[in-house]
Protein chains: 4
Amino acid sequence: MINIGIIGAGRIGKVHLQSITMHVKNACVKAVADPCMKEDTEIFVRGMGVEKICRDYRELLADPGIDAVLVCSSTDTHAAISIEAIEAGKHVFCEKPVDHALDRIEAVEEALAAHPGCKFQVGFNRRFDHNFAAVRKAYDQGKIGQAHILKITSRDPEPPNPAYIKVSGGMFLDMTIHDFDMACFLTDSDVEEVYVQSAVLVDPAIGEQGDVDTAIITMKMTNGALAVIDNSRRAVYGYDQRAELFGSKGMAATANDTPSTVILSNGEGITGEKPLYFFLERYMESFAEEMRQFVSACENGTPVPVGIHAGMQAVKIGLAARRSVEEHRPVKLAEL
Amino acid sequence: MINIGIIGAGRIGKVHLQSITMHVKNACVKAVADPCMKEDTEIFVRGMGVEKICRDYRELLADPGIDAVLVCSSTDTHAAISIEAIEAGKHVFCEKPVDHALDRIEAVEEALAAHPGCKFQVGFNRRFDHNFAAVRKAYDQGKIGQAHILKITSRDPEPPNPAYIKVSGGMFLDMTIHDFDMACFLTDSDVEEVYVQSAVLVDPAIGEQGDVDTAIITMKMTNGALAVIDNSRRAVYGYDQRAELFGSKGMAATANDTPSTVILSNGEGITGEKPLYFFLERYMESFAEEMRQFVSACENGTPVPVGIHAGMQAVKIGLAARRSVEEHRPVKLAEL
Amino acid sequence: MINIGIIGAGRIGKVHLQSITMHVKNACVKAVADPCMKEDTEIFVRGMGVEKICRDYRELLADPGIDAVLVCSSTDTHAAISIEAIEAGKHVFCEKPVDHALDRIEAVEEALAAHPGCKFQVGFNRRFDHNFAAVRKAYDQGKIGQAHILKITSRDPEPPNPAYIKVSGGMFLDMTIHDFDMACFLTDSDVEEVYVQSAVLVDPAIGEQGDVDTAIITMKMTNGALAVIDNSRRAVYGYDQRAELFGSKGMAATANDTPSTVILSNGEGITGEKPLYFFLERYMESFAEEMRQFVSACENGTPVPVGIHAGMQAVKIGLAARRSVEEHRPVKLAEL
Amino acid sequence: MINIGIIGAGRIGKVHLQSITMHVKNACVKAVADPCMKEDTEIFVRGMGVEKICRDYRELLADPGIDAVLVCSSTDTHAAISIEAIEAGKHVFCEKPVDHALDRIEAVEEALAAHPGCKFQVGFNRRFDHNFAAVRKAYDQGKIGQAHILKITSRDPEPPNPAYIKVSGGMFLDMTIHDFDMACFLTDSDVEEVYVQSAVLVDPAIGEQGDVDTAIITMKMTNGALAVIDNSRRAVYGYDQRAELFGSKGMAATANDTPSTVILSNGEGITGEKPLYFFLERYMESFAEEMRQFVSACENGTPVPVGIHAGMQAVKIGLAARRSVEEHRPVKLAEL
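My aim in this report is to walk through the structure given alongside it, one point at a time. (Residues numbered from 1 in each chain as written. Chains lettered and ligands numbered in written order. Predicted model: local features only at pLDDT ≥ 70, side-chain atom pairs only at ≥ 80, totals over all residues. Heavy atoms only, no water.)

## Details of the interface of chain D and chain A
Next up, step 1: On the chain A side, the residues contacting the 42 residues of chain D number 41 residues.
Next up, step 2: In this structure, the connection of chain D to chain A is made through six salt bridges.
Next up, step 3: One salt bridge in this structure joins A:D230 and D:K151, with 3.4 Å as the shortest N-O distance.
Next up, step 4: There are 13 residue pairs in polar contact (both at pLDDT 80 or more) connecting chain D and chain A.
Next up, step 5: Elements represented by at least two residues in the side of chain D that touches chain A include exactly β7 (147-155), β8 (191-199), β9 (214-221), β10 (226-232) and β11 (240-247) of chain D.
Next up, step 6: Looking at side-chain class alone, the side of chain D that touches chain A contains 18 nonpolar, 13 polar and 11 charged residues. (Contact = heavy atoms within 4.5 Å. Salt bridge = Lys/Arg side-chain N within 4 Å of Asp/Glu carboxyl O. Polar contact = N/O pair within 3.5 Å; in protein donor to acceptor, adjacent residues only side chain to side chain. Helix = DSSP H or I, 4+ residues; strand = E, 2+ residues; numbered from the N terminus. Nonpolar A, V, L, I, M, F, W, Y, C, P; charged D, E, K, R; others polar.)

This is the structure:
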């Protein structure tokens, strides 16, 4: 049994609390810390059977009964809290991105090097999605052969509040970062070079914040494969999350998940349902699975499925993408 | 080169004329006979390069330059003209149904027995449809194993004019007869017994003509398989033509053909095109293929793909279906 | 909060225990009774936090702290235990079928008539499946118009042990009973008449038990719609569960659920995954949803979604189907 | 009636001869010229009813009975022969690419400017494909809204003979040129800038010829849309030809055409057919339609659907793509 403390009781913290309580064996959330926990959140947390609720995450780090912490606080605190937790002897699950600054991620790497027993997992939940995991499995089984072309489509149903744009680090570090990690995951490779063609087509207010809302991102992977991501901040038909891996022996492609398989035929056409609306519905099961695997790694001392290297890669790709937009040229990760 | 005469220049006669002219090698339509040919039809026939146009089909039968005739006249003349043509030494392609009366079909059988060199093909064109032919091919290749359950869905986009109902012999002999033949074709078997559950749900005027417009027809095939056909005279989304053959080793299922593969995704849903509208669009290629195979049989002396036995079976099943409705019980073909 | 006792700790009893514990708010399983509970079952039940485990279900009925019981015992005890529970003042969720004998189901009806406050739900979980519920919703919204033709395909991946055939009441009362209920649910109608064409094609041992393994069942619904069910005890590609409702305004059709949406393209073809293997995977979410709705009915005093009338209908249809096989004719439910 | 002469009796010349003969009303191929016509080609041409066969295309240009010529000769002669034909007063259908050199295409433009009555169409047949035409139609009808992202997948089943690589101008001018034109067609826009990420992953012999066999090409369209093409010289599952146009109001996406709609379900999975094998099968109907529209433009004096501007654009994009590979940077068409 792994006893867990959750640091940060925002949306994603609550998702993990519910996942662990309902879907993860051998794990129990013992404590939740948040400096500004709202009353309804507290009721929710209590309802999940959590005994200890506090404001200061350091209480959790000091508690010898807690084996692992989930760092679900605001992005700018991820790295610092992670390091404190590592040094306190806890296993750490850190939400993505680990940080926007490479030197702070390196500091986490150093802390981990000094604590080799520590399990440190980064929250790229989409790797655990049934569709994407099945593509990777087909690749691992040799059904794709050598990877040649990876295509990822990732489009949100609605753009975020423009006010959120700045704090989020912009589209590449906030939204595309999942796709960058997916590219590495599906090709089992790092990225060598990135080129971005982008535009503001959805909402001029996003452009006014210095960000883009539409992009095609081409990458050369270190294993020689080519990859392309297309992003939009608004797909009117809903959350569009697809991938297609093409190689020397075959192609594996995913479709969107829908609420049901029902097809309605009438005078207008043959109509299926729109994709599941947004990430909480689309990826709910993947949040549970990433927790199961984190708990299993903590319990059995096995490697985590998504380590600090993946956390570093995704941020590097995001920074290279930003520079590609600024300098309008392909950018190698080695330049960073 | 097979020289062909077409008897009857109605809709289906013109379809065959165009198919042969445009899509069949080694065949040429030399003459078309129709007792009441309209002017625009004559222009169409001339435009296809036909040299001889006449009113009396006997001119075609008497012409030694004609090798084969297509009997595309009204249903009640199919058998008589076929017999005359057989006796005149022509190969015969006869539109379906051969007749509504079994004794007249038997008369054709007798004529054929007396003229063993005559090629006689019945116009069940759907056997040559790319989708249905692919199901049969899978079955012949052993991919289905032993046939257990056959399901055929056959729904028209619009009911016929009520005035047409009576002369057509009713839904079973006019519309379902294609499905009866399809059941025999896809299971490579005859029918032993038929049961019909039917209703008038589309148009009360059809019921007033003594016919039905909606039916579920269950059949026991002589090879042991079970089969079911569902019919409607009106599907608001268009012409619905599907089959599914399920057996001990697998299942082959068809979908409807559509004008394009385009899927439109928007706030309303994920929408594909409706099926091709009606039989002339849906089955155009099958009309060409049945002619190619008829011409090939005539030219090479090989067996026709759809002989008089199939023509007899389909009518027998139709008559058994009518009796099943009248007597509200399963009817064996052996009872007829 | 509804406190629940589960009577019978076999497969389905454990499914409900897990569903309630993990997925149903406002409900808690307080006790589980089984006359011959195995040790590993007891460990499982304890692990779900159940306080009281006993052999005699009467202990549960006598416990004033228990509001509702789930009757998950063997079929031949469903009716008797249900009546005892109703008389003990409990709400009852009874697994299907309520009984194989109509008079015993009538006895339950009488008990319910005498206890009008009692909530009594029958375990037709498939009504709560996301696909089938979406078809019914489309029908209720008027998108289908008047129902004309309902088609249900229901095929198991493997036949049951022949020894099980007899105790189960045969295919119609064991397997097809779900489809009979589905026919009533999807057309929102009772059944007037049933005709069965059936065969033993999967396993002769099933025939030796006096049962069939393949069937096409045609029904006339009281609202005028026609319905057809096709059953097989073995589909080599897995559990095949589909429905298609066709009416005056459109058609709603479901497809099978699959583990993922991944399509693999290679030299062999374009291949998707097989359906989810069997009912526990395919219908897991529906088991949770039927419990949520039962608990809600108990808590709020609202009608249950599947009452004793549905439980009676499905058994009547099953008995009529058996008689149709025996007497080889269509059988009206009014004859029973 | 438009009388046509075909210059060049290679593969594509024969395709057009057959299309016109079988599928185009109001047109007739009167003559075919080829400096090195083989005997079996001559038999084929005669079989199509062509009266005049000659070696020198100038005989066709001199023949006052010929209204239009199809330039189907080798690429390096397209421009010169087109100019001669224009000056001889013929309408011209010129196969793609018009030329590899921009100045020679400009020479054609100049000839056309001097002969305003001349109809000049470029052979981008894929615009007439049922799937791609339906995407453009949806766009024209406003169903996509403003175009944001266009994705084109274009993969051949087999790489060409390496010896062919050099004469063909390389992948971008030989294969991708169709996709460049498709990008312009589907977005109804020219291209502003191109960036290519490419590799040799299929066959090292292609790299030895100085060409690539795998590429992701990103384009910025002049109307602001972003576009991406992914190419491979070998898809093991066959000819992969898809497009997806995403915009402010919706998305239209095509799938590959297959020989039939049959899906086979068995223990291995749920398998559909591979795409139609190669361009002659996949695009046969589009070759007929482009001829119909060319003939209609000649006959009625209406604009051709694909003029010299499109012919110029596609080559310019191809040259920019080549330069992008050489200089490893985005290249604007204005730089050429």
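Anyway, onward from the coordinates.
## Some thoughts on the interface of chain C and chain A
Next up, step 1: If you look at the interface, chain C gives 26 residues, while chain A gives 26 residues.
Next up, step 2: Counting across the interface, chain C meets chain A through zero salt bridges.
Next up, step 3: Across the chain C-chain A interface, the total number found is 10 residue pairs in polar contact (both at pLDDT 80 or more).
Next up, step 4: Residues of the side of chain C that touches chain A, tallied by class, amount to 12 nonpolar, 10 polar and four charged.
Next up, step 5: Here three bridges tie strand β13 (residues 263-266) of chain A to strand β12 (residues 251-253) of chain C, and the two strands are oriented antiparallel to one another. Bridged to A:S265 within β12(C) is C:M251. (Pairing = 2+ DSSP bridges.)

## Things to note about the sheet that holds strand β5 (residues 91-94) of chain D
All names here are of chain D.
Next up, step 1: Ordered in space as β3-β2-β1-β4-β5-β6, the six strands form an open sheet in which the pairing is parallel. On the outer flanks of this sheet lie β3 (52-54) and β6 (120-122), each paired with one strand and no other. Neighbour-to-neighbour, the strand axes of the sheet open up by a mean angle of 20°, direction not taken into account.
Next up, step 2: For strand β1 (residues 2-7) and strand β4 (residues 68-71), the ladder comprises four bridges, and the chain directions are parallel. Among the inter-strand pairings, G5 is bridged to a residue of β4, identified as V69. (Axes fitted to C-alpha atoms, helices over the stretch in contact; angles between N-to-C directions.)

## Things to note about unusual backbone geometry
Next up, step 1: The omega torsion of the bond from B:K96 to B:P97 falls at -15°, within 30 degrees of zero and hence cis.
Next up, step 2: Tracing the backbone through its elements, the reader meets B:P97 in the loop between β5 (91-94) and α5 (102-114).
Next up, step 3: Of note, the phi angle at A:H328 is positive, near 50°, even though the residue is not glycine.
Next up, step 4: Counting through the fold element by element, A:H328 comes out in the loop between α13 (308-327) and β15 (331-332).

## As for the relation of the copies chain D and chain A
Next up, step 1: Between chain D and chain A, the superposition needs a rotation of 180° and an axial shift of 0.0 Å, giving an RMSD of 0.0 Å. Both copies are brought into coincidence by an operation consistent with a two-fold rotation axis. Of every C-alpha in chain D, the one belonging to D:R329 sits nearest the axis of rotation, 3.0 Å from it.
Next up, step 2: The residues that chain D uses at the interface reappear at the interface of chain A in 98% of cases, marking a shared surface. (Least-squares fit on C-alpha atoms with pLDDT ≥ 70 in both.)

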